[in-house]
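Structure at a glance
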Amino acid sequence: MRLLIGLVIGFVLGGFVGVTAFKALRASTELPRGVMQTTAYHFGELREAAKASDCLGQAEPHLQALALLADDVHPSFAELLPDDEIFNGYAAKLVTATRNARDNPGVDCKALNEAIAPIRDACQACHRDYKS
Ligand code: HEC
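Rules of the game
- Residues numbered from 1 in each chain as written.
- Predicted model: local features only at pLDDT ≥ 70, side-chain atom pairs only at ≥ 80, totals over all residues.
- Helix = DSSP H or I, 4+ residues; strand = E, 2+ residues; numbered from the N terminus.
- Rg over C-alpha atoms; globule rule 2.2 N^0.38 Å.
- Buried ≥ 20, exposed ≤ 12 C-beta atoms within 10 Å, placed from the backbone.
- Contact = placed C-beta atoms within 7 Å.
- Near = placed C-beta within 6 Å.
- Nonpolar A, V, L, I, M, F, W, Y, C, P; charged D, E, K, R; others polar.
- Expected span 1.5 Å × (residues − 1).
- Core = buried A, V, L, I, M, F, W, Y, C linked by C-beta atoms within 7 Å.
- Axes fitted to C-alpha atoms, helices over the stretch in contact; angles between N-to-C directions.
- Parallel < 35°, antiparallel > 145°, perpendicular 65-115°, else oblique.
- Left-handed = near helix turned anticlockwise from the far one by under 90°.

1. Topic: the overall build of the chain
A tally of helices and strands in the chain yields four helices and zero strands. Compactness check: the chain gives a C-alpha radius of gyration of 21 Å against a globular reference of 14 Å for 132 residues, more than 25% above the reference. Each principal axis of the C-alpha distribution contributes one length, and for the chain these read about 80 × 30 × 20 Å. Within the span of the chain, comprising 132 residues, buried residues form 21% of the whole. For the chain, the proportion of contacts with a sequence separation of at least 24, taken over those separated by at least 6, is 60%.

2. Concerning the site of the ligand
In the vicinity of the ligand lie 20 residues, with Met36, Ala40, Tyr90, Cys123 and Cys126 positioned nearest. Sorting the residues of the shell around the ligand by element identifies helix 1 (2-49), helix 3 (85-103) and helix 4 (109-130) as the ones contributing at least two each. For the shell around the ligand, the leading source of residues is helix 1, giving eight residues. Of the residues in the shell around the ligand, the class split is 14 nonpolar, four polar and two charged.

3. Notes on helix 4
If you check helix 4, its first and last C-alpha atoms are 32 Å apart, about what 22 residues at 1.5 Å a residue would give, namely 32 Å. Turning to helix 4, its buried residues are Leu112, Ala115, Ile116, Ile119 and Ala122.

4. A word on the environment of phenylalanine 43
Assignment of secondary structure puts phenylalanine 43 in helix 1. Between the C-alpha atoms of phenylalanine 43 and isoleucine 116, which are 73 residues apart in sequence, the distance is 9.1 Å. For phenylalanine 43, the residues in contact, after removing those within four places along its chain, are Leu66 and Ile119.

5. Topic: the nonpolar core
Counting residues in hydrophobic clusters, the biggest one holds 21 residues, and the most contacted among them are Leu66 and Leu94. Of all elements in the fold, only helix 1, helix 2 (55-76), helix 3 and helix 4 reach the threshold of two or more residues within this core. Per-element tally for this core: the top contributor is helix 2, with eight residues. In this structure, leucine 66 is in contact with Thr39, His42, Phe43, Leu46, Thr98 and Ile119, ignoring residues within four places of it in sequence.

6. A word on the packing of helix 3 against helix 4
Between helix 3 and helix 4, whose axes approach to 8 Å, the crossing angle comes to 165°. The orientation of helix 3 with respect to helix 4, classified from their angle, is roughly antiparallel. Seen from above, helix 3 lies across helix 4 with left-handed handedness. Here Ile86, Phe87, Tyr90, Lys93, Leu94, Ala97, Thr98, Asn100 and Ala101 of helix 3 come into contact with helix 4, specifically with Ala115, Ile116, Pro118, Ile119, Ala122, Ala125, Cys126, Asp129 and Tyr130. Split by residue class, the contact of helix 3 with helix 4 holds 14 nonpolar, two polar and two charged.

7. Here's the deal with the packing of helix 2 against helix 3
The contact between helix 2 and helix 3 brings their axes to 8 Å, and the two run at 165°. Classified by the interaxial angle, the pair formed by helix 2 and helix 3 is roughly antiparallel. Regarding helix 2 and helix 3, the two cross each other, and that crossing is left-handed. Here Leu63, Gln64, Leu66, Ala67, Ala70, Asp71, Val73 and His74 of helix 2 lie close against helix 3, whose contacting residues are Asn88, Ala91, Leu94, Val95, Thr98, Arg99, Ala101 and Arg102. Its residues placed into classes, the contact of helix 2 with helix 3 shows nine nonpolar, four polar and three charged.

Here it is, written out as structure tokens:
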């Protein structure tokens, strides 16, 4: 009987600890994933805009959004990857690339595409090392 009670208490406590750990993990990935999803949305729109005839006009809001979101990459991953210099270096490259593209989108669609390329490179460089 004692064993049985012990087992029941063990299961209940174990389940509680498991759920708490799961919730904590999920909470720590929600913000970074949200930042990534929003970043991906604006980057997708930016690439579409770059193909439009009014490419510079259509690209502008997405260039603005990406430059702001890039600032959130490092802090939003801070809980998952605390003090990871390499990760933060990649995040800083995204900040530079998005600011450069926002501040110097070029004079035509061809130049805009060239200004966007370093953003794509910054996404890929970090994903290569950090995204499963
Ligand atoms: C500094 C590193 C870094 C940079 C720069 C970066 N990402 Fe990510 N990204 C990650 C990591 C790490 C994950 C995996 C997150 C996870 O699985 O919890 C990820 C995941 C994603 C996901 C999947 C999100 C999900 O719901 O699981 C998308 C989409 C994405 N990134 C898009 C982008 C785009 C677009 C860019 C560039 C504009 C970019 N990322 C730049 C690190 C980065």
